[in-house]
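A closer look at the structure
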Amino acid sequence: MTLTKPNRALDWRASAAALVAIATLSGCATNNPRDPLEPFNRTMFKFNDAIDQAALKPVATGYKKVVPSFVQTGVNNFFGNLADVWTGANNLMQGKGEKGMSDWTRVALNSTFGIGGLFDIASEAGLKKHNEDFGQTLGYWGVPSGPYLMLPLLGPSTVRDASGLPVDMAANAWSYVDPTATRNVGTALRVIDARANVLDASNLMEEAALDRYEFIRDGYLQRRQGQLFDGETSRKALKAASDEPADAKSIRAAYADDASATAPATAPATEPAGAAPAATPTAPVPTPAPGDAPAAPAVSSETPSK
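The sections below set out a description of the structure shown in this document. (Residues numbered from 1 in each chain as written. Predicted model: local features only at pLDDT ≥ 70, side-chain atom pairs only at ≥ 80, totals over all residues. Heavy atoms only, no water.)

As for the overall build of the protein chain
For the protein chain, the helix and strand inventory stands at twelve helices and four strands. Here the protein chain holds 306 residues, and the buried ones make up 27% of them. Put simply, 63% of the contacts in the protein chain that link residues at least 6 apart link residues at least 24 apart. Accessible area of the protein chain: about 19800 Å², with a carbon and sulfur share of 64%. (Helix = DSSP H or I, 4+ residues; strand = E, 2+ residues; numbered from the N terminus. Buried < 20%, exposed > 50% of the residue type's maximum accessible area, 1.4 Å probe, protein only. Contact = heavy atoms within 4.5 Å. Areas by Shrake-Rupley, 256 points an atom, 1.4 Å probe, with all protein chains shown as cover.)

Side note on a nonpolar patch on the surface
Residues F47, I51, L153, L154 and M169 make up a contiguous nonpolar surface patch of roughly 470 Å² in combined accessible area. Mapping M169 onto the fold places it in helix α7 (residues 159–171). A relative accessible area of 34% means that M169 is categorised as partly exposed. (Patch = residues over 30% accessible without salt bridge, like charges linked within 9 Å, V, L, I, M, F, W, Y side chains within 5 Å. Salt bridge = Lys/Arg side-chain N within 4 Å of Asp/Glu carboxyl O.)

A word on the pairing of strand β3 (residues 155–158)
By the bridge criterion, four bridges tie strand β2 (residues 148–151) to β3 in an arrangement that is antiparallel. What sits directly across from M150, in β3, is P156. Two successive antiparallel strands, β2 and β3, enclose a turn made up of three residues, where L153 displays a positive phi of approximately 70 degrees. (Pairing = 2+ DSSP bridges.)

Brief notes about helix α9 (residues 199–207)
Taken residue by residue, α9 has L199, S202 and M205 as its buried positions. For α9, the buried positions fall inside an angular range of 130 degrees around the axis, keeping them on one side. Of the exposed residues in α9, the ones pointing more than 90 degrees away from its buried face are D200, A201, L204 and E207. Among the structural elements, α2 (38–66), α8 (180–197) and α10 (212–228) are those in contact with the buried residues of α9. (Arc of directions from axis to C-beta.)

Quick look at the environment of L82
Along the chain, the position of L82 falls in helix α3 (residues 69–93). With a relative accessible area of 22%, L82 lands in the partly exposed category. Separated by 92 residues in the primary sequence, L82 and W174 place their C-alpha atoms 7.6 Å from one another.

Regarding α3
Over its 25 residues, α3 runs 36 Å from end to end, which matches the ideal 36 Å to within 8%, given 1.5 Å per residue. Bending of α3 peaks at approximately 25 degrees at the position of D84. Two residues or fewer past α3, G95 is found with a positive phi of approximately 80 degrees. (Expected span 1.5 Å × (residues − 1). Bend = angle between axes of the 7 residues up to and from the residue.)

Focus: the packing of α2 against α9
Contact geometry for α2 and α9: axes closest at 11 Å, N-to-C directions at 130 degrees. The orientation of α2 with respect to α9, classified from their angle, is oblique. Crossing handedness for the pair α2 and α9: left-handed. Here Q53, K57, A60, T61 and K64 of α2 come into contact with α9, specifically with L199, D200, N203 and E206. Within the contact of α2 with α9, the residues separate by chemical class into two nonpolar, three polar and four charged. (Axes fitted to C-alpha atoms, helices over the stretch in contact; angles between N-to-C directions. Parallel < 35°, antiparallel > 145°, perpendicular 65-115°, else oblique. Left-handed = near helix turned anticlockwise from the far one by under 90°. Nonpolar A, V, L, I, M, F, W, Y, C, P; charged D, E, K, R; others polar.)

Structural data, given as C-alpha cells:
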C-alpha cells in the first residue's frame, strides 16, 4: 500500500459549491436565530434521508447482521486509530498538550501492539480516546459557530465546522492511500461501519413521534457546544479545571451538589485562659410522687448485676 496525493480539485470545487449555495440561500430567514437557513436545511435533510433509507441504511443493516462482531470492532478500531493522529494535532493546537501526547501515544501503542490499530490496546492501558476536529479548534479559539447548516450527504454542521472540513479532509491519512480502488473501498467501509454503529439509535428516533429534523439539529448543536471545552462552559473554566490536582477534581465531582462537602471544617471555639470548664448539662432527676415505688438504682454497664 502506497501513499499519494488526493484530488485537490474535487475538494475545492465541492467547497466552492457549498459556499455559493450558502450565499444564495442566506436570504431565506426563519424565526430561529440558530437556524436562519431552515428551508434549505430541511430540503437537504429530506435529500439525505432519502438516500439513507434507500441505500445506506439497508447496507448497514446487512453489514451488522452478516459481518462478525469482532470484524466490525476491528474495522472501527482501525479507522479510529487513524483519526487519533489528527485528534492529537487538534488537541495540541488548542494548547491541551497532555491530551495531545496521550492521543499520539495511543497511535503508537495501537499501531504496534494493536497490529495496525485492529486492537485498541491503548484503551485497555488507560489512555482515554478523544475526538477533535478543526472545527472544534476554531471554536476553542473563539470563532463563532455561525448558522446551523445541513450539508448534502455529510449531514449536520455549522458554517464554522463546514469551513474546517477541507482541512480535516487534507489531514485524513486514508485520503493519501493508493491505489484509488483501495482508498474508495476503505472509505465506503468506513461510512457503512459508522452508520451501523448508530442503527439502534436511529431506529428508536424514527419510531418516536417527533420532528426528526429539529431533534437532530438541537442535539447536534448542544453536543458541539459541549465538545468545544470538554464539557466546561468556557476556555477559562476548562483551564481552571485542568489545573486542579487530581484529588480536588475527584472530590469536586463526587460532591458536586453538596456545597458543605468541600468547605473546610469549622474549628471549635476555645475557652479563655483560666476559665473554668463548662459544666456538662445533665438530665434532671425526677422526684417520686407519694406512694410511688422508689426508682431502681442505675446499673453500670461495666459491673455485672447480681
